[in-house]
Amino acid sequence: MPIVKNVGRAVSQLLQSSGCGCGISIVPVRCIGVSPRQVASDASFHSVSFSESDHPRVLITGGLGQLGVGLAKLLRKRFGKNNVILSDIRKPADNVFYSGPFIYADILDYKNLREIVVNNRITWLFHYSALLSAVGEANVPLARAVNITGLHNVLDIAAEHNLRLFVPSTIGAFGPTSPRDPTPDLCIQRPRTIYGVSKVHAELMGEYYHYRYGLDFRCLRYPGIISADSQPGGGTTDYAVQIFHDAMKTGKFQCNLKPDTRLPMMYIDDCLKATLGVMEAPAEALSMRTYNISAMSFTPEELAQEVQKHVPELQVTYNVDEVRQAIADSWPMNFDDRNARRDWGWKHDYDLPELVTTMFSFLGSDSRIAQAN
């Protein structure tokens, strides 16, 4: 079929990114051959000091997206630089490449991915490869391949090699018939985007593999994630990142959602903190395998008002994108994350004022450095 033939070529043109096993061994579910792609035997990340040997060996797929680079930085501080391998199908920037181990990994190439796990003795896998909501709607066949077929490859390899597997989910896993204010961990979902459908699929498949094969699967439903060191990547909540860049550069911001569209949001540091927290939590503490996490909830109008405290001259207009608005209207307004706070001690650090101050502090420093250079 033309779609299948062109998937590999299409994936290379689009972003894959806006996530110690205790399971039992199982017979591989696929016939495994020998891939022509080999991990270099002299790669730097094969050499691990004795002080690092007790830590998990981590692989992050889709690592050049909004969260992967930040997660790699956090995990390398915790477990050692050589124990965390970042991967993607794109060429990394110099600062990413030289900050620690990086490898090419295509999640649609089962043999290649399996070799990477085996050759590098991976024990934890963070699976961030995905096409986000708005981008996925523009290319459903590609989103289906990356978000679903890629997930199947990761699940099979994780189960076979007893990995602890983290797959992020999203507010997009809910739909217009879900309770929206607040949205509990367990309720009707029924999303209406391929991104949301693929994330519900990931939640259910991960739980099935946990109960059927003993896979140590862990999943968090992320709210909209805001960070200063990445550009918007095609998500419905990206307006909450774009407003800061526009406020700094032009003093004018055009929002593609209605001013009263309320959605749950989170600063990236809280997101990464939660991700590491659930992965380090004892298995017996987890009452479920997929949790909501939340920090704050706001509308574009409320965010603009907080931003204008720092940039009073900011002019905000609204040009509603009907596709994105329909997606946002089907998503939760607030997350109920009481189970995460009870089971493994989740607690956020950033509310809206702290978020805005931190974003401007980060972007202002970058701007001053750029001007000096």
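Scroll up to find the structure.
Since the structure is predicted, the reported quantities are computational estimates derived from the model, not experimental observations.

Caption draft 1: Up close: the pattern of salt bridges. Inspection of the entire model under this criterion finds 14 salt bridges. Note that Glu-160 is salt-bridged to Arg-114, the shortest N-O span being 2.4 Å. Taken together, the residues span a long stretch of sequence, with Glu-160 in helix H6 (residues 140-160) and Arg-114 in helix H4 (residues 110-119) at a distance of 46 residues. Its relative accessible area of 18% is what places Arg-114 among the buried residues. Salt-bridge contacts for Arg-221 lead to Glu-203; the nearest nitrogen and oxygen are separated by 2.9 Å. You can see Arg-221 sitting in strand S7 (residues 216-222) and its partner Glu-203 sitting in helix H7 (residues 194-213), a full 18 residues away along the chain. Pair check on accessibility: Arg-221 and Glu-203 agree, each one buried.

Caption draft 2: Inspection of H6 at higher detail. Between its terminal C-alpha atoms H6 stretches 29 Å, which fits the 30 Å expected from 21 residues at 1.5 Å a residue. Most of H6 is tucked away: 16 of the 21 residues are buried. Sitting at the head of H6, Asn-139 places a side-chain oxygen 3.2 Å from the backbone nitrogen of Leu-142. Two residues or fewer after H6 comes Asn-162, characterised by a positive phi angle close to 55°.

Caption draft 3: Examining the side chain of Thr-183 more closely. Its place among the elements puts Thr-183 in the loop between strand S6 (169-170) and H7. Here Thr-183 falls in the buried class, since its relative accessible area comes to 0%. Among all residues touching Thr-183, those that are not within four sequence positions of it are Phe-174, Asn-292, Pro-332, Asn-334, Phe-335 and Asp-336.

Caption draft 4: Local environment of the sheet that holds strand S12 (residues 296-298). The sheet built from three strands is open, its strands ordered S8-S10-S12 with mixed pairing. Two strands in the sheet have a free side with no partner beyond their single neighbour: strand S8 (224-226) and S12. Going from strand to strand, the sheet's axes swing by 45° on average, the running direction of each strand aside. Examined bridge by bridge, S8 and strand S10 (residues 263-267) share three bridges and lie parallel to one another. Looking across to S10, one finds that Ile-226 is bridged to Tyr-267. Those strands touched by helix H8 (residues 239-249) are S8, S10 and S12, and its axis lies near 25° from that of S8.

Caption draft 5: Here's a closer look at the pairing of strand S2 (residues 84-88). Along S2, five of the five residues are buried, which leaves the element largely enclosed by surrounding structure. The two faces of S2 match: Val-84, Leu-86 and Asp-88 on one face and Ile-85 and Ser-87 on the other face are all buried. With three bridges connecting them, strand S1 (residues 58-61) and S2 associate as parallel partners. The residue bridging Leu-59 from the neighbouring strand is Ile-85, located in S2.

Caption draft 6: Region of the structure containing the nonpolar core. Core analysis: the biggest nonpolar cluster contains 70 residues, and Ile-60, Phe-126, Phe-244, Phe-298, Leu-303 and Trp-344 have the highest contact counts within it. With seven residues, helix H9 (residues 268-280) is the single largest residue contributor to this core. Excluding its chain neighbours within four sequence positions, the residues that come into contact with Ile-60 are Gly-68, Leu-71, Ala-72, Leu-75, Val-84, Ile-85, Leu-86, Ser-87, Phe-126 and Tyr-128.

Caption draft 7: Region of interest: helix H11 (residues 322-329). Every buried residue of H11 is accounted for by Arg-324, Gln-325, Ile-327 and Ala-328. Down the axis of H11, the buried set is contained in an arc of 160°. They therefore lie on one face. Those residues of H11 that are exposed and angled more than 90 degrees off the buried face are Glu-322 and Val-323. Close packing links the buried residues of H11 with helix H5 (133-138) and S10. Measuring from the side-chain oxygen of the N-cap residue of H11 to the backbone nitrogen of Val-323 gives 2.9 Å; that N-cap residue is Asp-321.

Caption draft 8: Spotlight on the packing of H4 against H6. Two numbers describe how H4 lies on H6: the axes approach to 10 Å, and their chain directions differ by 35°. Of the two elements, H4 crosses H6, and the hand of that crossing is right-handed. Contacts between H4 and H6 involve Tyr-110, Leu-113, Arg-114 and Val-117 from the former and Asn-153, Val-154, Asp-156, Ile-157 and Glu-160 from the latter. Of the residues belonging to the contact of H4 with H6, the class tally is five nonpolar, one polar and three charged.

Rules of the game
For every chain, the first residue of the written sequence is number 1, and numbering continues from 1 onward in sequence order. Reporting of local features is limited, given that this is a predicted model, to residues whose pLDDT is at least 70; pairs of side-chain atoms are given and counted only at 80 or more, and all residues count toward the totals for whole chains, interfaces and linings. Computation of side-chain values: all heavy atoms of the structure, hydrogens and water removed. One side-chain nitrogen of Lys or Arg within 4 Å of one carboxyl oxygen of Asp or Glu is enough to make a salt bridge. Strands here are runs of E lasting at least two residues and helices are runs of H or I lasting at least four, both read from the DSSP assignment and numbered beginning at the N terminus. Burial classification: accessible surface area is computed with a 1.4 Å probe over protein chains only, and a residue below 20% of its type maximum counts as buried, one above 50% as exposed, and the rest as partly exposed. By definition here, a helix of n residues has an expected span of 1.5 Å times n minus one. Think of a polar contact as two N or O atoms within 3.5 Å of one another; within protein, one of them needs to be a possible hydrogen donor and the other a possible acceptor, and neighboring residues in sequence only count if both atoms come from side chains. Contacts between residues were defined by any pair of non-hydrogen atoms, one from each residue, lying within 4.5 Å. Two strands qualify as a pair provided that DSSP identifies no fewer than 2 bridges between them. All axes are obtained by fitting lines to C-alpha atoms, using only the stretch in contact for helices, and the reported angles, taken between N-to-C directions, cover 0 to 180 degrees. Take the buried residues of types Ala, Val, Leu, Ile, Met, Phe, Trp, Tyr and Cys, join any two whose side-chain atoms come within 4.5 Å, and each joined set is a nonpolar core. Directions drawn from the helix axis to the C-beta atoms are what define this arc. Here is the rule for handedness: rotate from the far helix to the near one, and if that takes an anticlockwise turn smaller than a right angle the crossing is left-handed, while a clockwise turn gives right-handed. By the convention adopted, Pro, Cys, Tyr, Trp, Phe, Met, Ile, Leu, Val and Ala count as nonpolar, Lys, Arg, Asp and Glu as charged, and the other residues, Gly among them, as polar.

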